[in-house]
Amino acid sequence: MSFRIDPKKPFAEELQRVGVELIDDAIAALSQQPDGPHAAVHGARKKFKRLRALYRFLATEEPKFRKAENIRFRDIARSLSQARDAAALVETIHYLQDFSRSEAESQALASAHNELSDRRDAMTGGDGDLSARIADALMECEKGKHALMQLTLPSGKKSATKLIGKTWRKQREKALHALSQCRAQAHDEDFHDLRKSGQVYWMHLALLRKLWPSAMRAKKADAKRLVDLLGHEHDLSALAALAGHEPERFATGETLALLLDAITHRKHALRRECLDLADHVFAESAKAESRIVGLLWEEAAA
């Protein structure tokens, strides 16, 4: 499936087509599970993220639909997330091991890796009620697909241009606000908000890349790199939270102290890198960039 909209075709029809294809892809992944249920869940959740980014273009014209369907697919993803979240913590230890600064820290990370691997296996072994949750998710996907296919959207070129420009500006303003909060307060939630804004930005760049392929491709690559770095930052925050809530998991106080120190050191370095890159990714003003995107759409759709 190609996650892109053709500006030569009516925007409403293209949005509906892409949305239906994303839902169908998620249904196929969860139904067929060629690489097992956990890989299927991971693949489906990525489709849900793209779908929710797509639905942001409906916030003005169809706010009730967008709100209801955003909640639907958010809740589907959350219902399937337990196994993925446990695996992500193990991957985070792997990531930290690449930045180990001493033999003692390496040993502490190896001990934490073993514990978190056991935790992951215990949570995913036998799949628990995952099969039932996948069945429920499939039913909700079908309902969401039906709701989208019943949706009627305005098809005029002028209304599409206005909608795209307005949505683009709103999302860029959210990103700039999140970036300012990261610099002013630097709470975990602020960096999480910046990550979410960055995800929507690179998905929208992918969605509309036919407007200006070379420029959109370059912007998308930078935005994706930012999102990946912020993803590591978020995973480190999640690992620190687990260590704080369940310190008994980490064998000794020394292991826990070394783990938390490794997390803190890497988070600080990541945050500096993220902020520098975010300044580049979001260098253009929201107003100016949304105007350019609107003009590009208008020209491409002519």
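Note that residues are indexed from 1 along each chain, following the sequence as it is written. Only residues with pLDDT of at least 70 are given local features in this predicted model, and only at 80 or more are side-chain atom pairs given and counted; all residues enter the totals for whole chains, interfaces and linings. Water and hydrogen atoms play no part in the side-chain values, which are based on all heavy atoms of the structure.

1. Observations concerning the environment of Asp6
Working definition: helices are DSSP H or I runs of at least four residues, strands are E runs of at least two. Numbering for both runs from the N terminus. Along the polypeptide, Asp6 turns up in the segment before helix H1 (11–32). Here the term buried applies to any residue with accessible area under 20% of the maximum for its type, exposed to any over 50%, and partly exposed to those in between, with areas from a 1.4 Å probe on protein chains only. Taking relative accessible area as the criterion, Asp6 reaches 16% and is therefore assigned buried. Once the C-alpha coordinates of Asp6 and Ala104 are considered, the two residues, 98 residues apart in sequence, prove to be 55 Å apart. Should any heavy atoms of two residues lie within 4.5 Å, those residues are counted as being in contact. Discounting residues that sit within four places of it in the chain, Asp6 has contacts with Glu14, Lys210 and Trp297. There is a polar contact of 2.9 Å between the side chain of Asp6 and the backbone nitrogen of Lys8. Throughout this description, a polar contact denotes any pair of N or O atoms lying within 3.5 Å of each other; where both atoms belong to protein, one of them has to be capable of donating a hydrogen while the other can accept it, and for residues adjacent in sequence the pair is counted only when both atoms sit in side chains.

2. Focus: H1
In this scheme, a helix's expected span is set at 1.5 Å multiplied by one less than its residue total. For H1, spanning 22 residues, the distance from its first C-alpha to its last is 31 Å, which sits close to the expected 32 Å at 1.5 Å a residue. Two residues or fewer past H1, Gln33 is found with a positive phi of approximately 50 degrees.

3. Notes on the packing of aromatic side chains
Aromatic pairing here means that ring centres of Phe, Tyr or Trp (its six-membered ring) are within 6.5 Å. Orientation follows from the plane angle: under 30 degrees is stacked, over 60 is edge-to-face, and everything else is tilted. Inspection of the entire model under this criterion finds 7 aromatic pairs. Judged by centre distance (5.6 Å) and plane angle (40 degrees), the rings of Phe48 and Phe73 are tilted. Here Phe48 is found in helix H2 (residues 37–55), whereas its partner Phe73 is found in helix H3 (residues 63–79), with 25 residues between them in sequence. In this structure Phe48 comes out as buried when scored by relative accessible area, which is 1%. Here Phe73 falls in the buried class, since its relative accessible area comes to 0%.

4. Regarding the packing of H2 against helix H8 (residues 188–207)
Running from N to C, H2 and H8 cross one another at 80 degrees; their axes reach a closest spacing of 9 Å. Between H2 and H8, the crossing angle belongs to the class labelled roughly perpendicular. Each of Lys49, Arg50, Ala53 and Leu54 in H2 lies in contact with H8, whose residues at this interface are Arg195, Gln199, Trp202, Met203, His204 and Leu207. Of the residues in the contact of H2 with H8, the class split is 5 nonpolar, 2 polar and 3 charged. Only the stretch in contact is used when a helix axis is fitted, and all axes are lines through C-alpha atoms; the angle between N-to-C directions ranges over 0 to 180 degrees. These descriptions rest on fixed angle ranges, namely under 35 degrees for roughly parallel, over 145 for roughly antiparallel, 65 to 115 for roughly perpendicular, and the rest for oblique. For this classification, Asp, Glu, Lys and Arg are treated as charged, while Ala, Val, Leu, Ile, Met, Phe, Trp, Tyr, Cys and Pro are nonpolar and the rest, including Gly, are polar.

Coordinates in, geometry out; function isn't part of it.
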